[in-house]
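Listed here are the chains, written in short residue letters.
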Amino acid sequence: MKKHDPIHANHRVQRDYPAKVKFCPLCGAAMESRMLMPENAERKVCTRCGFVLFPGPKLVAGCFVVDAGRVLLLRRGIEPAVGKWTFPGGYVDFGENAADAALRETREEVGMRVALGLLLGVFNDGPNTVVVYLATPGKEPPSLSDEATGVRYFAPDDIPWPDLAFPTTIDAITAWVASTRKPRQSA
Ligand SMILES: [Zn+2]
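Thresholds applied
- Counting starts from 1 at the beginning of each chain's written sequence and moves along it residue by residue.
- With pLDDT at 70 or above as the cut-off, local features in this predicted model cover only qualifying residues; side-chain atom pairs require 80 or more to be listed or tallied, and sums for whole chains, interfaces and linings still use all residues.
- Heavy atoms from the whole structure form the basis of all side-chain values; hydrogens and water molecules are not counted.
- Helix and strand definitions follow DSSP, with helices as H or I runs of at least four residues and strands as E runs of at least two, each counted in order from the N terminus.
- Only protein chains enter the accessibility calculation, which uses a 1.4 Å probe; a residue is then buried when its area is under 20% of its type maximum, exposed when over 50%, and partly exposed in between.
- By the convention used here, residues are in contact when the closest approach between their heavy atoms is within 4.5 Å.
- Using the Shrake-Rupley algorithm and a 1.4 Å probe, accessible areas are obtained, with residue cover drawn only from the displayed protein chains.
- We count Lys and Arg on the positive side and Asp and Glu on the negative side, and we leave His and both chain ends out.
- Where a charge sits is defined by one atom per residue type, namely NZ (Lys), CZ (Arg), CG (Asp) or CD (Glu).
- Two strands are said to pair when DSSP picks up at least two bridges between them.
- A pair of aromatic rings is counted whenever rings of Phe, Tyr or Trp (Trp by its six-membered ring) have centres within 6.5 Å, and the orientation is called stacked for planes under 30 degrees apart, edge-to-face for over 60 and tilted otherwise.
- Sites may look incomplete, because water is not among the atoms used; the donor set itself consists of N, O and S atoms within 2.8 Å of the metal (3.2 Å for Na, K and Ca).
- Angular criteria define each label, namely tetrahedral for four donors with all angles between 85 and 135 degrees, square planar for four and octahedral for six donors with opposite donors over 155 degrees apart and remaining angles between 65 and 115, and irregular for whatever fails these tests.
- Just to be clear on terms, a salt bridge is a Lys or Arg side-chain nitrogen sitting within 4 Å of an Asp or Glu carboxyl oxygen.

Engineer: How do you make sense of the overall build of the protein when you look at a structure like this?
Structural biologist: When you go through the protein residue by residue, the secondary structure sums to three helices and nine strands. For the protein, the spread of C-alpha atoms along the three principal axes comes to 60 × 50 × 30 Å. In the protein, which comprises 187 residues, the proportion classed as buried is 33%. If you take every contact in the protein between residues at least 6 apart in sequence, the share linking residues at least 24 apart comes to 56%. Surface summary for the protein: the accessible area is close to 12,000 Å², and the carbon and sulfur share equals 55%. Between the averaged position of the 23 positive side-chain charges in the protein and that of its 21 negative side-chain charges there is a distance of 2 Å.

In structure tokens, the structure reads:
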């Protein structure tokens, strides 16, 4: 690989984090496992500057863009689950909140500036937590990107269940379909 070529993240390497962290990201000295009080948990600590590594969970946030009773799904252009359908979303960046990330990912993946509505739900799969907002489309129609090789609105009866990308995709769509079928409550 050339030094300045853009790259994709190698998820096999990411999985070794944080167990294999050897050197302090601040000063470069060796890290060692120490019992940290008062939480009484082993953490990697720098032997020189005292930096403590608190590896955060990788939170995912996404948008459930609904238009005329149909939800926008994209066909994933990258691994994992390439070729499968899910809603726009991705990792919350350091310094960003879940709502910002959901809006940014939707803009990047399907080219839409959407307006966030209520929370559809928070869905969990192993160590992954996915925050999903309902959203309404703005002016732009959905467009394709490297991350979305197909985009389409699906009605509740039209969901491509066998071709959904992740367990959290299934859970989020299940929750939305159920909400569309609830009898309207009178106020
Ligand atoms: Zn250090």
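Text resumes after the structure shown.
Engineer: Any chance you could explain the pairing of strand 2 (residues 41–46) here in plain terms?
Structural biologist: Side chains on a regular strand alternate between the two faces of the sheet. Sheet topology places strand 1 (residues 31–36) next to strand 2; six bridges connect them, and they run antiparallel. By the bridge assignment for strand 2, E32 is matched with V45. Here strand 1 hands over to strand 2 after four residues, with N40 in that stretch at a positive phi of 60°.

Engineer: Which parts of the structure should I look at to understand the packing of aromatic side chains?
Structural biologist: Aromatic ring pairs are defined here through the distance separating the ring centres and the angle between the ring planes. Summed over all chains, the structure comprises three aromatic pairs. Between F64 and F87 the ring centres are 5.7 Å apart and the planes differ by 55°, which places this aromatic pair in the tilted class. Highlighted residues: F64 in strand 3 (residues 60–67) and F87 in the loop between strand 5 (85–86) and strand 6 (89–91), separated in sequence by 23 residues. By relative accessible area, F64 is classed as buried at 0%. When its relative accessible area of 6% is taken as the criterion, F87 is described as buried. With 5.7 Å between their ring centres and 55° between their planes, F64 and W176 make a pair best called tilted. Here F64, found in strand 3, pairs with W176, found in helix 3 (residues 167–181); they are 112 residues apart in sequence, far enough to count as distant. Take F64 and W176: they sit in the same class, and that class is buried.

Engineer: Help me understand the environment of D67 in this model?
Structural biologist: Within the element layout of this structure, D67 appears in strand 3. In sequence terms D67 and E109 are 42 residues apart; their C-alpha atoms lie 18 Å from each other.

Engineer: Hey, could you run me through the side chain of T169 in this one?
Structural biologist: On the secondary structure map, T169 appears in helix 3. Ignoring any residue separated from it by four or fewer positions in sequence, one finds T169 in contact with W85, T86, F87 and L164.

Engineer: Is there a simple way to explain the coordination of the zinc ion in this structure?
Structural biologist: By definition of the ideal shapes, a tetrahedral metal site with four donors has angles of 109.5 degrees and an octahedral site with six donors has angles of 90 or 180 degrees. Distances from the zinc ion to its protein donors, C24 (SG), C27 (SG), C46 (SG) and C49 (SG), fall at 2.3 to 2.4 Å. For the zinc ion, the four donor atoms in the first shell make angles of 100 to 120° at the metal, so the coordination geometry reads as tetrahedral. The partly exposed category is assigned to C27, whose relative accessible area is 29%. When its relative accessible area of 41% is taken as the criterion, C49 is described as partly exposed.

Engineer: Is there a simple way to think about the pattern of salt bridges in this case?
Structural biologist: The tally for this structure, following the rule as stated, stands at 11 salt bridges. A salt bridge links R181 to D157; its shortest N-O distance comes to 2.5 Å. With R181 in helix 3 and D157 in the loop between strand 9 (148–154) and helix 3, this pair connects stretches of sequence that are 24 residues apart. For the pair R181 and D157, one class covers both residues: exposed. What emerges from the salt-bridge pattern is a single network uniting D93, E96, R104, E105 and E108.

Engineer: Is there a simple way to think about unusual backbone geometry in this case?
Structural biologist: Glycine aside, a negative phi is what most residues show, and trans is what most peptide bonds show. Following Y17, the chain continues to P18 via a peptide bond in cis, the omega torsion being 5°. Tracing the backbone through its elements, the reader meets P18 in the loop between helix 1 (11–14) and strand 1. Cis geometry is adopted by the peptide bond preceding P80, which originates at E79 and carries an omega value of -5°. You will see that A68, though not glycine, has its phi angle at about 50°, which is positive. Among the structural elements, A68 can be located in the loop between strand 3 and strand 4 (70–76). The exposure class of A68 is exposed, given its relative accessible area of 72%.

By themselves, these observations are geometric and do not establish any function.
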